[in-house]
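# Tertiary structure, described
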Amino acid sequence: MQLFKFDTSLNFMRFRWFAVGLSSLLVLLSIALLLTRGINWGLDFTGGTVLELSFAQAANLDLLRQHLTQAGYAEAVVQFFGSSNDVLVRLPSGASAVQQQLGEQVFQLLQAQSDVAMTLSRVEFVGPSVGEELKQDGGLAVLVALLGILVYVGFRFEWRLSLGAVLALAHDVILTLGLFSLLQIEFDLTVLAAILALIGYSINDTIVVFDRVREMFRKLRDESVLETVNQAITSTLNRTVITSATTMLVLFVLYFKGGALIHGFATALLFGIAVGTYSSVYVASSVAVLLGLSREDLMPPKPVETEEGEPLV
């Protein structure tokens, strides 16, 4: 299926300096946000108590928040969980009460002030030490994923292409984290899963483009480096647009219909896929070109000939 048909290649590399400059500025701003504002860590990382309540009829979230605020739990997060009859209450860690007993106290408080019958379906407690361990393990998981991809692309591609792919990948992750820092969206385990999924999606998109770049370098012998790269990106444009558009369509449905618990996951992937598509086209290829990528770097080695002039197998 082809959405676009081109008689000539599009001149993507015309904007390579602008793309690299813009991406560098956005990366620096994202790092500055992470250092100054930090990340709004969820209860999975900071520790706290989670209650799952089931109501006999649709719950009134505003009224529940009002009861909790009056009782001194102003920082509690109240949201629907699956349906309007199921509610999730998330309480941050505090020294005012034993955390294991806090869930039962809050349930009794809400039960006494609510006119609707409710049952306590689940209570979970995450200690601060466990949350800190999850934070370290999550960061380690992202780092290991990046290093593993670095090793893979290092073996598969010429080093200029490999470095471009890894820098584009780091660019996508840093910008996504910068968005969460700017908007102070809660960062929980679902968002961490989205970051790991983004790493896999983004590197796959970049590898498709670089495979075509290598193919075009061996096929178009009389074209310049910039023209060859433009031709390679243009030839993969249909695949890139269709893949990204269909993926984002699903994510839009998850964002608007999946409930509040999955908003962070959908937001991270929506933004990350948009940025990843841009970086696969501009950042990765532009970095490789600016590092001096040439046709000779991607041509297969000439076969060694014997003294009789026959190729040595």
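Residues numbered from 1 in each chain as written. Predicted model: local features only at pLDDT ≥ 70, side-chain atom pairs only at ≥ 80, totals over all residues. Heavy atoms only, no water.

What follows is about the pairing of strand S3 (residues 83–92). Inspection of the sheet shows strand S1 (residues 48–55) paired to S3 by 7 bridges, in the antiparallel sense. Bridge assignment links Glu52 to a residue of S3, and that residue is Leu88. Pairing geometry for strand S2 (residues 77–81) and S3, over 5 bridges, is antiparallel. Bridge pairing in S3 places Val78 opposite Val89. (Pairing = 2+ DSSP bridges. Helix = DSSP H or I, 4+ residues; strand = E, 2+ residues; numbered from the N terminus.)

Attention shifts here to the packing of aromatic side chains. One pass over the full model with this rule turns up 6 aromatic pairs. Both rings, one in Trp41 and one in Phe187, keep their centres 5.4 Å apart while their planes meet at 75 degrees; by these two values the pair is edge-to-face. Taken together, the residues Trp41 in the loop between helix H1 (16–36) and helix H2 (43–46) and Phe187 in the loop between helix H6 (159–183) and helix H7 (189–219) connect sequence positions 146 residues apart. Geometrically, the ring pair formed by Tyr278 and Tyr282 is tilted, given 5.8 Å between the ring centres and 35 degrees between the ring planes. In this pair, Tyr278 and Tyr282 are both assigned in helix H10 (residues 263–290), 4 residues apart and thus about one turn of the helix distant. Relative accessible area serves as the criterion here: at 24%, Tyr278 is assigned to the partly exposed category. Judged by its relative accessible area of 18%, Tyr282 falls in the buried class. (Phe/Tyr/Trp six-rings, centres within 6.5 Å; stacked < 30°, edge-to-face > 60°. Buried < 20%, exposed > 50% of the residue type's maximum accessible area, 1.4 Å probe, protein only.)

Bringing the packing of H6 against H7 into the picture now. For any two helices packed against each other, one specifies the crossing angle of their axes together with the interaxial distance. Look at H6 against H7: their axes get within 10 Å of each other, and the N-to-C directions meet at 150 degrees. Looking at the two axes, H6 sits roughly antiparallel to H7. Considering only the axes of H6 and H7, their crossing is right-handed. For the pair H6 and H7, the contacting residues are Leu161, Ala165, Leu169, Asp172, Val173, Thr176, Leu177 and Phe180 in the first and Val191, Ile195, Leu198, Ile199, Ser202, Ile203, Thr206 and Phe210 in the second. Classifying every residue of the contact of H6 with H7 by side-chain character gives 12 nonpolar, 3 polar and 1 charged. (Axes fitted to C-alpha atoms, helices over the stretch in contact; angles between N-to-C directions. Parallel < 35°, antiparallel > 145°, perpendicular 65-115°, else oblique. Left-handed = near helix turned anticlockwise from the far one by under 90°. Contact = heavy atoms within 4.5 Å. Nonpolar A, V, L, I, M, F, W, Y, C, P; charged D, E, K, R; others polar.)

Turning our attention to helix H3 (residues 61–70). When we look at burial in H3, the residues that qualify are Leu61, Leu64, His67 and Leu68. All buried residues of H3 lie within an arc of 125 degrees about the axis, which places them on one face of the element. Opposite its buried face, H3 presents the exposed residues Asp62 and Gln70, each directed more than 90 degrees away. The N-capping residue of H3, defined by a side-chain oxygen 3.2 Å from the backbone nitrogen of Asp62, is Asn60. Of the residues flanking the end of H3, it is Gly72, one or two places downstream, whose phi is positive at about 100 degrees. (Arc of directions from axis to C-beta. Polar contact = N/O pair within 3.5 Å; in protein donor to acceptor, adjacent residues only side chain to side chain.)

Let us now look at the environment of Ile233. With respect to the helices and strands, the residue Ile233 is situated in helix H8 (residues 225–235). C-alpha of Ile233 to C-alpha of Leu10: the two residues are 223 residues apart in sequence and 8.2 Å apart in space.

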